Structure formats: structure tokens, C-alpha cells
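The residues making up each chain are set out below.
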Amino acid sequence: MALVERVGKITIKIDKIIFYAFLLLSIKSCTDNVRTDNSFIIATYDDVKDWDPATAFSLEVMPMSNIYEPLLWYDASVSPGRFVPGLATRYKKSFDGLTWDFFLREGVTFHDGEPFDSKVVKFVIERNKTMNGGASYIWSSVEQVLTKDPYRVTIKLSSPVPLDKIVSSQYGAWMYSPAIANLPFDSLQHGYGAGTGPYQFKNWIKNKHIILEKYDEYWGGWNRDDHFNSIIIKTVSESSTRLQMIENGLVDYALLIPVQLLDRLKKNPNVGISYIPSWVNHFYLLNTKKFPTSNLWVRRSIAASMDRKTISDYIYRGAGVESKGLIPHNIPLFISPDSLISFDLIKAKKYLQKSQIKPDSESINISYVSTSEEYRLTSYLLMDNLRKVGLGLNLNPGLWTMNWDKARKLESSPNIISMAWWPTLPSPSDWFFGLYRTEENPLFNLSHYSNSKIDSLIELAWENESLSPEISKNIYKDIQDILIRDCVVIPVVDINVQSVYNNSIVGLKNNPAYSTLFIYNLGRKQ
Amino acid sequence: MIAFISKRIFSAVLVLFMVGTITFFISHSFPGDPVSLWVGDHPTEEQLELANEKFGFNKPVHQQYFSFLKNISKFDLGVSLRTRQSVSGELKNRFFATFELVFLSMFISLVFGISLGFFVAPRVNTRLDYIVRGIGYLGLAFPIFWLGMIFQLIFFGLFKWLPLHGRHSGLSSYNNDFVINEGLFLVTSFFSGEWFVFLDGLEHILLPSLTLSLGVFGLVFRTARSSMIDAMSEPFFKTFLAYGFEPSEIIWQSAYKNTLVPISTVSGLSFGFMLGGTFLVETIFDWPGLGHFSVLSVLTNDFPAIMGVTLLYALVYIIINVIIDILYIYFDPRLRGQVDG
């Protein structure tokens, strides 16, 4: 009974407790949110899942590009792009493009103390090939790795592929310590990193944060005064929370803030927003085997109903520019195709007449990623335009994994599917190999397109990239022209990636070849 | 009593089996290739085949179901396709975060709901009654995600009194070399005397628990208030009044017993409401618990994880209801007689 009486008294005192609690919090708030650390803090939307640099193939690029280094970097921030020494200071290739020599940087050590030399390069390439995960396929043309000299590695290829582009890939080309082979599988599950890069792995709390710490022995040295001592990558899945974090100076960089929330940030003098060109593009694949899009004129009618300009200006706003071709306009070896099918509803009606399908007699379906506002609005706009032309459009939004699974099987595939693509390597080949090469069981060739000429041209262009890039460039243009003629795809926009950062940060530079931030190059204004 | 508990445990196992079976077939009927989560954005055909082979997704559904039953009997829930961690490990890590959040929210709802309900029962239709009832209605009426965001805007954005998200600052582990225990964070930091860490955790839990508790507070308050008003119309209450006792004395010393059964019922139901609420609250506040994990698992069709969280939620809900049933017997002597008889 005494306990119950006490509860009654507690209730009466509750107002006093609340008063003192708020008083305490008010005093505390004066000291909160003052950043005294020398860390660069990033708020991202999802956590990493694979700590093995051989197989990591997604958001891992953010921490890994600061922990590891490749043999070469590709600098796409300048035009034309160029290769920059990484762990190899120079390289040469044989006349036939089948033998490549890389001269390695001396005196480099991994974060675990292991030295970096040619044996490590051999170990990494062979292990990556064996792992058969992530982007390990990039090494498929490597036949032999020779290590006669500790600082020179010779790589023999089965076909003359551009190995300089392969070694500078943002996935599967990081050089890592051979100690990984002796690690129990568990260690990789709990976070791991032993590269040669400027920052070393400190700890990972799942779904909370990753902490990287400055590697004092970094071969590049720490010559500037404003280098960051550490990097903290926070996983914050809710976009409004990321917004408030950047708004209040809790983080230096925030990823994926919804466009509609950005207006609030524009008024904040401490936050900078910019859109930077990327190598990602958005497009719609048209099913060439399924009625009625199996009819070329129906496909052309759909293409002529896609209002690219309105989509880029009013749906994507700053986040995308009108496509000039089937691949992003800023990727190496791009030449605009002769012409894209332009938006013209009168032409669209004529195309439909040529197809011999009566207006308003057929409907087609479109499958798009339901979480994307841009795809949704684009589909609505297309539906409206197609209605004017005389074609019905049924909308099938869904998760990408579901859309993809259905689209791979002809019987359940839609007539149109939304797609986004970005390359593993700095080459247009990624789009053409992935999306348009003949496949018995389609993986990403979701237009179910098959053309032997295209197949041979894709191979030819890829193999000429290192020996005769100009020839390769023209072949890529020819491929685009054929695909436009056959109306397999409707390109829509080349994506500009949003960059939301604290204005005190200096040194931000855009390199579309890597979906990351190189924190070593950044500093904070004093 | 033992027979009663054994019967409840048997029915709990049966319910769990049915929940597991239904969830298994529903999650396996969703279209989509689950291994695409495992292999990454641009996999090769060979990588997809290997992954399907590894997880047995290429086998007929009934075979997958029997494997699932076999594994579950060994407490093996498999591996999450999204995070690549073992599902049981993920659940273990996250269970305590959700447990602390729900426990504190329940505590706030019950303490404030019951005491204010009892306090206003003798003061029906006074200004205080209107105010507290109003708060209760608002708690029930406001969508939980909206309330969470408003709290964030006020307490973090405007006044900077409370942290925005997460379970703790986290950086304390970095600066002070203090190893953060992700289990019962508040409890362990309290008993180990790490006051800085404890207060940090307390600050972080305050907003999500307030958000979660407001709706349940409304339910508990209304139940406590109305059942106390009913108790006050009983003859025994009038007799006590005639003997000169104050209403508050009667309430806190005797009449409260009459309200315990309805309050227990509402508490049990509210627990389910709160577990559902964690889906939204944990997402908004980036609380590393089961709710947040469930949302991400459902959104990505990570079905080993969906199976794991569904079974765990069902188990917790069943345990709570068994406890409530036992409390009924304890609170109500008439039921005790029926069970023992």
C-alpha cells in the first residue's frame, strides 16, 4: 500500500521533475553541437555489407576508396580523362595489346605492415578471379601474372582488352594485403580493411557508423595542415534526419536528400548544394519480343511520345540533363549518334498507323521502380502522351528485384521497363555488353533484343579501346545508331549527382569514374 | 496452475508454427529474385546461379519449407540476404535496443496513464480532466511518424535540447576508448557507473520513447479513468465515503484493484500496438532495433530476415499475453478459483 501512496506523490511532483529536466537540457544545449573534432562526417542512407575488397560491389566504394588504392586511377574530372598513377607509377603495353607491364611504387606498406610488391598484385588478381563474386569478371581476360621483379609486374591477356581501364575500376581492382587469405571468415563479417590508402579501418558498428583513421605511414605523406584525422560514415536511413543533420552542422556531407526538401537548405548559408555530372543515365527498354512492342512502329510511336525535355526540365530539374545518346555524354569514347527519335506526337500517330494497329485498340504496360518519384512522374507523362496517340499504358510500379525478375522471363515481361545504369569501368562497353548483347536467358537484356551484328560490334569496340580508341569510338556510335534505328531503348536523362555539403569544406572535386569522396584531398576552412 | 501454464505454452508453440508456415509461404510467393540482393547490382548469370544454389532457392518450395523447419528446429534462421549477417545474430543485436525502447515507452505510458487516470476520475469534467483527455486523444489521433518528426523539429531543430537520432552519440567510443555495449545499453552503462554514457543514452531514448508512448498513454489513461469512474459508483466506494474517507485515499488504497483487470487487458493489447509502432519510430529516429530491421527487410524482400523478425515478434507477443493471463489470475480471485478448480 505504501508503494501506491508513493506513486500518488510522484505524480504530484512530476511537474517539478519536468521543470528541472528541461532546465538541465537548456543548459546542456549551450554546449552541444559544437564540433571540436577533426573528422569528416558523412551521412549516408545504407550500410555496407561486404568488407572483402575483391567482391564488394555497392556502397562499399565510399570507405574502400579511402582505405585502398588501385594500380591506376582514372581522372574523369578533366577532359579528356586521363590515367593517374596509383600504386603503379607508369605502365606500358605490347604492340598487340596482349602484354602489359606495370612499374610499381616502392616503399609502400599496407596498414597491417605488409610490404606492397609484384607478388601482392599477382595474389590479388588471382584471388579476385577465384572469388567469382562482385566485379571479379573484369579480370576474365587475364591469363598470366608474372613477377620477375618485386616492383614490376607483367600481365598477359587472352585478348587485347584495355587493361589500364580494368586496373582503375571502382569495383574489384583495389590492392589489398595478402593477410586477408589467413583471416577467419568472421573477421570480414565484423568489418575489415588493410590497404595502402590514406585512411585505415578503425571500427564498424553495424547500421550505425564506420570509422576510418589517418594512416600515419601513408606514402603520399600528410603535408597540408588541414587534412582530416578521421572519417566517420554514419548510416542514417531516414532522409529527413539526414537533412536535419547537415542543416545543423552535425555532418559535413549528406547523401540522397529528396529534391523537395532541398529548398529549405538553399536558405542556409552554411550548406552548399550542387549537382555534378555523373556516369549514370536513366532510360526505358522496349520489349522487342512481346506484342505489341514487338512491332518496330509501335516502339517508334512510344519513343516519339517521350518528352525528354519536359522530363529533364520539370521532373529531374537539376538532377538530370536531356540524354544526347544511349550512354552518358561525358563518358570517354562517346560520340552523339546521328539522331535520337525526337518528341513529336503527330509523328507518333503516324508511326502507330504504320504499325497497322488501330488507335485505342491496344494497351501496353510499363514497369518502373516504385521508390523513384522521377520514374513515376515520367511514366504518368508518357501515359498521358500515349493516350493522345491512341495507345493505352498500364502502370506496374514495383521493387527493382521484382520488376527485374518478371522482365527476365518473356511471358511475364512488361513492354517497357525503367532502367538506370552506371559502369564498373571507365568505358561505354559496360552498357552495350550488359544491355544489348544476345542472351539466351536474359540477365539485363530486358528488351529481349538479339542482333548478331551488334554482338560482334560490341566485342570489336571493346578490344579496340586500348589499341585504336578512335576506331572504338566510331564503333560505339554505329552501335548506338543501330539500336536507335531498331528502337530498342528510349534514353531519357543523364544523371547529375546531388552534392550537399557543409560550406566550410574545401577541395571537393568531381570525378564521375568513382562514386565516392576522396577525403585525403579535402580540408576545412579555418 | 501448472496445467494452465503448460496449456498456454502448448498453444503458443502451435501459434508460432502457424505464423512461421503462413509467413514462409507468403514471403515465398512474392515475385522477385531474392538472391539479387546478395549478388549486387550488376551480377553475372553464373554468380546468380551460384547464389541460388548456395541458398537452395532453386529447389521446389516444399523442399525449401522442410529445410526451413529443419533449420528452425536447430535455432538456425539462416543468413540475411541484405546485410550478409546471420539472422539470429542480427536479431540478437537488435532485440535489446527494441526491448529498452518498448520497455521505457510502456513504463511512461503506464505510469502517467494510470496515475493521471486515477487522479482525474474524481474530478470529471473539470479543466484538468479536459486537458489530460485532450492530450490522450491527440496521442491517439496523431500519426506516429508525424509526431516523431515534429518532436525532432522542436526538441532538436528548434531548441537543440535532445539528440536527433540514434541510440547514443557513438563518438564516445572513439574519443574515450570506451567500448560501447550494444545490448542493454542503458542498463549496463548504469550498473557499470558510466554516467556520461548512461546520460547520453537517456537523452537519445527520450524522444523515440515519448513518440511511441503517447498513443498508448491515451489508451491506458482512458481505460484507467473510465474503470475508476465505474469503481466509484460501486456501493463499497460510497460506503468508504460515508465513513469519511477522502476519494483519493479510497482510490489508492482499495478501488484501484477493481481497475487492474481492464488495465492489464489494455496493456497487453497496447504492447502489440507498440511493437508495430517501432517499425515507424525506429526508422524515423534511426534506432538500431528490430522495427528498423523489419522495415528494411520487408522493403527488400529479404525473406530469411522477414521470417526471423516475424517469429520473434510473434514469440514476444505470445509471452506478453501469457504473462497478462497469469496476471489476470493473480488480480482476480474468481479466476484463480476456476484455474485451481
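Computed from a predicted model, the values in this text were never measured in an experiment.

### So, the overall build of chain A
Okay, step 1: A count of helical and extended segments in chain A gives 15 helices and 19 strands.
Okay, step 2: Taken against the 2.2 N^0.38 rule, which gives 24 Å for 526 residues, the C-alpha radius of gyration of chain A at 27 Å falls within 12% of a compact globule.
Okay, step 3: Along the first, second and third principal axes, the C-alpha set of chain A runs to 85 × 70 × 45 Å.
Okay, step 4: Residues classed as buried in chain A amount to 46% of the 526 residues present.
Okay, step 5: Considering only intrachain contacts with a sequence separation of at least 6, the fraction spanning at least 24 residues in chain A is 70%.

### What to know about the interface of chain B and chain A
Okay, step 1: Tallying the contact residues gives 41 residues for chain B and 43 residues for chain A.
Okay, step 2: The set of elements that each furnish at least two residues to the side of chain B that touches chain A consists of α2 (36-39), α3 (45-55), α5 (87-120), α7 (144-158) and α12 (247-284) of chain B.
Okay, step 3: Examining the composition of the side of chain B that touches chain A, we find that 6 residues originate from one element, α12 of chain B, more than from any other.
Okay, step 4: Among the residues making up the side of chain B that touches chain A, the classes are represented as 14 nonpolar, 19 polar and 8 charged.

### Here we look at helix α11 (residues 373-389) of chain A
All names here are of chain A.
Okay, step 1: Over its 17 residues, α11 runs 24 Å from end to end, which matches the ideal 24 Å to within 8%, given 1.5 Å per residue.
Okay, step 2: Listing the buried residues of α11 in full gives Glu374, Tyr375, Thr378, Ser379, Leu382, Asn385, Leu386 and Val389. All buried residues of α11 fall inside an arc of 130 degrees around its axis, so they share one side. Exposed residues lying more than 90 degrees from the buried face of α11 are Asp384 and Lys388.
Okay, step 3: Count one or two residues on from α11 and you reach Gly390, which has phi positive near 115 degrees.

### Details of unusual backbone geometry
Okay, step 1: Omega for the peptide link from Ser79 of chain A to Pro80 of chain A comes to 0 degrees, which places this bond in the cis form.
Okay, step 2: Here Pro80 of chain A lies in the loop between β2 (72-75) and β3 (82-85).
Okay, step 3: Cis peptide bonds are those with omega within 30 degrees of zero, and the linkage from Phe291 of chain A to Pro292 of chain A qualifies with 0 degrees.
Okay, step 4: By the element assignment, Pro292 of chain A lies in the loop between β12 (271-286) and α8 (296-304).
Okay, step 5: The phi dihedral of Lys160 of chain B falls on the positive side, at around 60 degrees, and the residue is not glycine.

### Describing the environment of Leu71 of chain A
Residues and elements named next belong to chain A.
Okay, step 1: Checked against the element boundaries, Leu71 lands in the loop between α2 (61-67) and β2.
Okay, step 2: Expressed as a C-alpha distance, the spacing of Leu71 and Asp164, which sit 93 residues apart in the sequence, is 8.7 Å.
Okay, step 3: Here Leu71 is in contact with Gly86, Leu87, Ala88, Phe102, Val167 and Met175, once residues within four sequence places are set aside.

### Re the domain arrangement of chain B
Residues and elements named next belong to chain B.
Okay, step 1: As far as domains go, chain B holds domain 1 (2-73) and domain 2 (94-340).
Okay, step 2: Computed over C-alpha atoms, the centres of domain 1 and domain 2 are 32 Å apart.
Okay, step 3: Across the contact, 15 residues belong to domain 1 and 14 residues belong to domain 2.

### A word on the pairing of strand β16 (residues 416-421) of chain A
Okay, step 1: As judged from the 6 bridges shared by β12 of chain A and β16 of chain A, these two strands associate in the antiparallel manner. The partner of Leu286 of chain A across the bridge, within β16 of chain A, is Ile416 of chain A.

### Points about the domain arrangement of chain A
All names here are of chain A.
Okay, step 1: Split by domain assignment, chain A resolves into domain 1 (39-47 + 182-276 + 498-524), domain 2 (69-177) and domain 3 (277-497).
Okay, step 2: Relative placement of domain 2 and domain 3: their C-alpha centres are 34 Å apart.
Okay, step 3: Counting residues at the interface gives 19 residues for domain 2, matched by 10 residues for domain 3.
Okay, step 4: Examining the composition of the side of domain 2 that touches domain 3, we find that 3 residues originate from one element, helix α4 (residues 163-167), more than from any other.
Okay, step 5: Grouping the amino acids of the side of domain 2 that touches domain 3 by side-chain chemistry returns 10 nonpolar, 6 polar and 3 charged.

### Section: the sheet that holds strand β4 (residues 88-93) of chain A
By definition, the strands of a sheet pair up through backbone hydrogen bonds, in either a parallel or an antiparallel sense.
All names here are of chain A.
Okay, step 1: Pairing in this open sheet of 4 strands is antiparallel, and the strands run β4-β5-β7-β6 from one edge to the other. Lying at the two open borders of the sheet, with one neighbouring strand each, are β4 and β6 (142-149). Going from strand to strand, the sheet's axes swing by 20 degrees on average, the running direction of each strand aside.
Okay, step 2: Across 5 bridges, β4 lies against strand β5 (residues 99-104) in antiparallel orientation. Its bridge partner lying in β5, Tyr91 is registered against Phe102.
Okay, step 3: On the sheet, helix α3 (residues 118-131) packs against β5, β6 and β7 (152-157) and is oriented at approximately 165 degrees with respect to β6.

### A look at the pairing of strand β14 (residues 363-369) of chain A
All names here are of chain A.
Okay, step 1: In terms of residue burial, β14 counts as a mostly covered element, since 5 of its 7 residues are buried.
Okay, step 2: In this structure, β14 lies alongside strand β15 (residues 392-398), joined through 7 bridges in parallel fashion. Bridge pairing in β15 links Tyr368 to Pro397.
Okay, step 3: The sheet contact formed by β14 and β16 spans 2 bridges and is parallel. Looking across to β16, one finds that Ser367 is bridged to Ile417.

What counts and how
Residues numbered from 1 in each chain as written. Chains lettered and ligands numbered in written order. Predicted model: local features only at pLDDT ≥ 70, side-chain atom pairs only at ≥ 80, totals over all residues. Helix = DSSP H or I, 4+ residues; strand = E, 2+ residues; numbered from the N terminus. Rg over C-alpha atoms; globule rule 2.2 N^0.38 Å. Buried ≥ 20, exposed ≤ 12 C-beta atoms within 10 Å, placed from the backbone. Contact = placed C-beta atoms within 7 Å. Nonpolar A, V, L, I, M, F, W, Y, C, P; charged D, E, K, R; others polar. Expected span 1.5 Å × (residues − 1). Arc of directions from axis to C-beta. Domains from an automatic or database assignment. Pairing = 2+ DSSP bridges. Axes fitted to C-alpha atoms, helices over the stretch in contact; angles between N-to-C directions.

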